[in-house]
Amino acid sequence: MHKLTIHPSTMLKEENTLFNTIVLTVTTLVLFLASSILQQTGHLALFWPLNAVLVGLFLRFPFFNRPYNYLICLLVLLLCNAACGNNDAGSVLITLSNMLFVVILAKAILNEKKTPEEPLKLNVLRLYSYCLLSALISSLLGSYGFGLTSHQTFPDIYSVWFSEQFSTSVLVLPFLLTWNGNLLPQKFDLRRVMPLGLLILSITASANSGGIGSLAVTLPALIWCAISYSLPVTCLLTQLTGIAEVLMVDSHWMYSGINGHITQIVSARMGIASVAISPVMVAVSVQAINMLVKQLSARANYDFLTRVHSRFGLYEKLRLQDEKTVNTALNVLLLDIDHFKSINDTHGHDCGDSVLTEFARRVKDVVGDKGIVARMGGEEFAVVMPDACGDNGYLLAEEIRAEIEQMEVNWEGETLSLTVSIGLSHGQAARRQLVDAFDKLLSEADRYLYQSKKAGRNRTSAAPAVMDKLLVPSAS
Ligand SMILES: Nc1nc2c(ncn2[C@@H]2O[C@H](COP(=O)(O)OP(=O)(O)OP(=O)(O)O)[C@@H](O)[C@H]2O)c(=O)[nH]1
């Protein structure tokens, strides 16, 4: 249930090796510059997004996952550091630590892929535990490297380093892994903006009230966003909220001297990372529930065997149409395969199923976009044809009848043929009365279907008004 689906991005093509290498090099360079801006000289970084973004890149473009691509990133980072005058052993160890984080996290997540064909599905809790593990291991090396030129103790450096790596990856990765390039809603609705408004208010309140506890103030608004918006939007909002809080906390404690406040910084970062888990988990669950509801309603709306609308699906469709239509003419055709029982009795139930499927397919082909086809049960089908006069309904019924008459179904070397009897009714549906009008016309069509059966089958019967107009002899 709490699984993120990571779809490979199509923005880059695997075969453009040179171009991809340039993209990877430039991205690493830009990320290094952006992350360096957030770092004060001689201090640990407030926020170092480079590692997490690189992991995102390796996961969204799985073809990057080759040793030489990791080496390219390492080389770019070493050169960048050298260009900034950081040539000492400590800087090299720090760079190695950053790449160690990238390799451990990317490999651990990619290892979750079950089959090459299916997209990678990753449990949210596993994502967080992999972030924790990568941060715990890589921070050992980074803290040791930083300690070579720092007067701070290893445990202090380690706890700040680890908490930064963990909280940054937890905030940055969910959005990078779920972003599909589509964030804005299709239509603007004031009510949809309310969760975002509450989030902005709660961030402002959190910034003004201060104190570690204030970090959780944004949680209710983030949960509301998770229920209201798509998964990528929730991940983005969680990310932005978390980053704003990390920067607020870090800059507050940093400027008042990091040494005395390491416990507060670490606890705040871990708190922010833990708060960030909940909205993402809620959003993933909401997405899974929505998908399930969609699948279930598709199952209920369509007949499993013939893939035309089910009786329930037809009523749903009519209800939806009723909201849009004002006043409409309506033809209802009720179709019943003749002597269908004998097909079952002679050739078996499987043959009967196959005949039903082929019958429905042919009817759907003939009807096209002129109406809705539904299986009402057994070997009985309905066609609803809105916005048409009775003559058109009759012509369509005859077209269907002729198509079925010349249809052949091959079953175990035998060729079967069949016929269909049709009852047609025509009427008007007033605004918001489409379903009621359909119900009445359906029972009328049933009476005409009975007439067709009684008159010898393989024919269409309708109200005298329609038949007289077309000069067709009435069945009764
Ligand atoms: N194979 C198969 N048979 C079904 C299904 N649903 C209903 N039937 C069968 O359809 C047959 C309908 O038979 P009847 O209602 O007696 O009608 P008929 O034989 O078509 O005769 P007329 O309608 O009078 O021409 C029954 O034998 C049902 O068991 C189904 O999903 N698959």
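Attention here is on the structure that accompanies the text. (Residues numbered from 1 in each chain as written. Predicted model: local features only at pLDDT ≥ 70, side-chain atom pairs only at ≥ 80, totals over all residues. Heavy atoms only, no water.)

**Description of the site of the ligand**
Right, so step 1: Neighbouring residues of the ligand: 16 residues in total, closest His339, Phe340, Lys341, Asp353 and Arg375.
Right, so step 2: At 2.7 Å from an oxygen atom of the ligand is found a main-chain nitrogen or oxygen belonging to Phe340.
Right, so step 3: For the ligand, an oxygen atom lies 2.7 Å from a polar atom in the backbone of Lys341.
Right, so step 4: Within the complex, 66% of the 670 Å² of free accessible area of the ligand lies under protein.
Right, so step 5: Those elements giving two or more residues to the shell around the ligand turn out to be β4 (328-337), α12 (340-347) and α13 (349-367). (Near = heavy atom within 4 Å. Polar contact = N/O pair within 3.5 Å; in protein donor to acceptor, adjacent residues only side chain to side chain. Areas by Shrake-Rupley, 256 points an atom, 1.4 Å probe, with all protein chains shown as cover. Helix = DSSP H or I, 4+ residues; strand = E, 2+ residues; numbered from the N terminus.)

**Remarks on the packing of aromatic side chains**
Right, so step 1: With the rule as written, the count across this model stands at 13 aromatic pairs.
Right, so step 2: Between the aromatic rings of Phe162 and Phe166, the centroid separation amounts to 6.2 Å while the plane-to-plane angle is 10°, which identifies the pairing as stacked. With Phe162 and Phe166 both in helix α6 (residues 154-178) and four residues apart, the pair spans about one turn of that helix. Across the pair, exposure class does not vary: Phe162 and Phe166 are buried alike.
Right, so step 3: By way of ring pairs, the aromatic residues Phe58, Phe61, Phe63, Phe64 and Tyr70 are connected into one cluster. (Phe/Tyr/Trp six-rings, centres within 6.5 Å; stacked < 30°, edge-to-face > 60°. Buried < 20%, exposed > 50% of the residue type's maximum accessible area, 1.4 Å probe, protein only.)

**A few points about the environment of Val160**
Right, so step 1: Tracing the sequence through the fold places Val160 in helix α6.
Right, so step 2: Here the alpha-carbon distance between Val160 and Ile262, two residues 102 residues apart in the chain, equals 6.9 Å.

**Description of the nonpolar core**
Right, so step 1: Core analysis: the biggest nonpolar cluster contains 66 residues, and Leu54, Val55, Phe64, Met99, Leu105, Ile109 and Leu127 have the highest contact counts within it.
Right, so step 2: When neighbours within four sequence positions are excluded, Val55 is seen to be in contact with Phe101, Val102, Leu105, Ala106 and Leu173.
Right, so step 3: Counting residues in hydrophobic clusters, the runner-up holds 35 residues, among them Val366, Ala388, Leu418 and Ala462. (Core = buried A, V, L, I, M, F, W, Y, C linked by side-chain atoms within 4.5 Å. Contact = heavy atoms within 4.5 Å.)

**A closer look at the sheet that holds strand β6 (residues 380-386)**
Right, so step 1: Taken together, the six strands give an open sheet; going across it, the order is β3-β5-β6-β4-β9-β10, and neighbouring strands pair in mixed fashion. Of all the strands in the sheet, just β3 (309-310) and β10 (460-462) have a single pairing partner and so form its edges.
Right, so step 2: Both β4 and β6 contribute to a ladder of seven bridges, which runs antiparallel. In the strand pairing of β6, Leu333 is matched with Val383.
Right, so step 3: Where helix α15 (residues 434-454) meets the sheet, it contacts β4, β5 (372-377), β6, β9 (420-429) and β10, and its direction lies at approximately 150° from that of β9. (Pairing = 2+ DSSP bridges. Axes fitted to C-alpha atoms, helices over the stretch in contact; angles between N-to-C directions.)

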